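A closer look at the structure
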Amino acid sequence: MAVPGPGYSITMRVSAPPSATVAGDLTTAVGQAGGVITGFDVVESANDAMVVDISANAQSEDHAEQITEALNALDGVQVRKVSDRTFLVHLGGKIEVQSKVPLRTRDDLSRAYTPGVARVSMAIAKNPDDARRLTIKRNTIAVVTDGTAVLGLGDIGPAAALPVMEGKAALFKRFAGVDAWPVCLDTTDTEEIIRTVQLLAPVYAGINLEDISAPRCFEIEARLREMLDIPVFHDDQHGTAIVVVAALRNALRVVGKDMSDCKIVVSGVGAAGSAIIRLLLHNKPKDIVAVDINGIVTRDRANMDTNMAQIAELTNADGAAGKLSDAIAGADVFIGVSAPNILTEADVASMNSDAVVFALANPDPEIDPLLAQQHAAVVATGRSDYPNQINNVLAFPGVFRGLLDAQAHKITDEMLLAAAEALADVVSPDQLNSSYIVPSVFDEKVATSVARAVSSAAGGGTKTGGGAKESALLSDVRD
Ligand SMILES: NC(=O)c1ccc[n+]([C@@H]2O[C@H](COP(=O)([O-])OP(=O)(O)OC[C@H]3O[C@@H](n4cnc5c(N)ncnc54)[C@H](O)[C@@H]3O)[C@@H](O)[C@H]2O)c1
């Protein structure tokens, strides 16, 4: 199912004997090896040789090597160097800190730093809420991970998680102007993570937990929400849930069904599946049946942890038992956040008419979307190379923008639901069809609509709690 994409993009510096057909020979060799050429630049030219940079998308690292070999096999052609364009993008990291104030003169230094800064520090010491007005706390969140559930890569540790967290921070800035800083912790101990986040919280106006494995992620989030006066949001749970609920609202509009008539099967009861189920329940579906690696989740299952026991209580009204194929027969909706290739074409065929299938396991979905389309009316995946990509970036930048704008101290399910509704409504009735149930991530209305909805649900515009109070010193400072 892999197709050449920008994630495996290489630039090959190639020397070749000059001839009338050289450009055609080189590009044909790359094309025949399955590469997709994205650039062809002549770097040097002489009577007896020319040097060109050929950029191409490949399917994998091995495929990139095959493309290189195909060029080397041509008469007189030599690949001198291969650059991996994805690695080039990461050289030295992807984000940086910049000063917002001029530091050109002694006066500048005296105001931005000592001695002037001391008066600002004392103002905050007297009135800690002023930190939101006079420091980076106003617009800054931490992206906290322990590196245990990074993308589909599993427990790869905090250092290896950093490129992903940097990317997340870059997306926060690009899509919502939020300053996010990666915090990769060298521990997987629940108590140490909670205590560490508590200790570093004074700097931040929000905590985005990221790629922390289940079931620890549930306790870490719940305890931090209890103890901190800033919102704590585990994106793998709630970001996914917001986008799935938004996409499902629109998918059901396409097929003309009401949520209250729908039997929904959720495959995967980890971080994503649990949060999806909880948010969906607010929309009152007819029933949700949860399935995990051990089959349908039932109330009498042995050795359930707290999260699983809650999910068992909340789902499966009819007490069904068995495997995924037992759950899926007669269902209206399948939502997969579990594992690749576990749903068969026959399973989809056994669903109700006008079925909706969200096969979101990454990078390989629960079923090949082309197979699912044979029997389902609407199909979505987590992949960018198919229509209807369920991508958390549709939610998390706007969610935190809204929380920061409202100076929110908490995040609630009402805010998550408001975000989902706003996201769904970005797709206008004129645009809605079976291949367009979620907007493009580059649609500028996405983050602003989600932010407005979250801010409004958080008491929008008004500064909640202590944020409303200002010290006398600040009375003439404007926002
Ligand atoms: N936007 C998106 O598209 C999106 C968002 C979040 C997660 N995901 C994907 O969803 C999957 C799960 O993510 P997570 O963070 O919840 O992981 P997780 O490890 O917390 O949970 C995985 C769940 O899948 C179940 N599972 C594993 N193998 C199974 C099988 N063969 N049959 C049925 N269930 C099985 C496990 O029992 C567990 O309940 C991953 O592939 C992830 O990439 C996609």
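Residues numbered from 1 in each chain as written. Predicted model: local features only at pLDDT ≥ 70, side-chain atom pairs only at ≥ 80, totals over all residues.

An unreviewed UniProt entry lists the protein under the name NAD-dependent malic enzyme, with Nakamurella aerolata given as the organism. Heading Sequence similarities (unreviewed entry) of the UniProt record for the protein holds this comment: "Belongs to the malic enzymes family." (UniProt positions renumbered as here; feature names shortened; annotations may be inferred.)

Observations regarding the domain arrangement of the protein
Each assigned domain of the protein is listed here: domain 1 (5-90), domain 2 (135-230) and domain 3 (237-479). Taking only C-alpha atoms, the centre of domain 1 and the centre of domain 2 are 40 Å apart. (Domains from an automatic or database assignment.)

Topic: the sheet that holds strand S5 (residues 140-145)
Here four strands make up an open sheet; going across it, the order is S6-S5-S7-S8 and the pairing parallel. Bordering the open sheet on either side are strand S6 (179-184) and strand S8 (232-234), each of which pairs with just one other strand. The mean angle between the axes of side-by-side strands here comes to 25°, regardless of whether they run parallel or antiparallel. Sheet analysis places S5 next to S6, joined by six bridges and oriented parallel. Each residue of the ladder has a partner; that of Ile141, found in S6, is Ala180. (Pairing = 2+ DSSP bridges. Helix = DSSP H or I, 4+ residues; strand = E, 2+ residues; numbered from the N terminus. Axes fitted to C-alpha atoms, helices over the stretch in contact; angles between N-to-C directions.)

Digging into the UniProt feature "active site" (unreviewed entry) in the protein
Per the UniProt record, the feature "active site" (unreviewed entry) sits at Tyr113 and Lys168. A maximum C-alpha distance of 30.4 Å among these annotated residues, which run over 56 residues, shows that they spread across the structure rather than meeting at one spot. With respect to the helices, strands and loops of the structure, Tyr113 is situated in the loop between helix H4 (106-112) and helix H5 (116-126). The buried category is assigned to Lys168, around which 23 C-beta atoms lie within 10 Å. Setting aside residues up to four positions removed in sequence, Lys168 forms contacts with Val143, Ala180 and Glu210. (Buried ≥ 20, exposed ≤ 12 C-beta atoms within 10 Å, placed from the backbone. Contact = placed C-beta atoms within 7 Å.)

Regarding the sheet that holds strand S10 (residues 287-292)
Pairing in this open sheet of six strands is mixed, and the strands run S11-S10-S9-S12-S13-S14 from one edge to the other. Two strands lie at the open edges of the sheet, namely strand S11 (295-296) and strand S14 (376-381), each paired on one side alone. Along the sheet face, helix H11 (residues 271-281) touches strand S9 (263-267), S10 and strand S12 (333-336) and points at about 175° away from the line of S10.

Focus: the site of the ligand
The immediate surroundings of the ligand are formed by 26 residues, with Gly268, Gly270, Asp292, Asn362 and Gly382 found nearest. Of all elements in the fold, only helix H10 (235-255), H11 and S10 reach the threshold of two or more residues within the shell around the ligand. Sorting elements by how many residues they give to the shell around the ligand places H11 first, with three residues. Taken together, the residues of the shell around the ligand break down into 13 nonpolar, eleven polar and two charged. Two domains share the shell around the ligand, each providing at least three of its residues, namely domain 2 (135-230) and domain 3 (237-479). (Near = placed C-beta within 6 Å. Nonpolar A, V, L, I, M, F, W, Y, C, P; charged D, E, K, R; others polar.)

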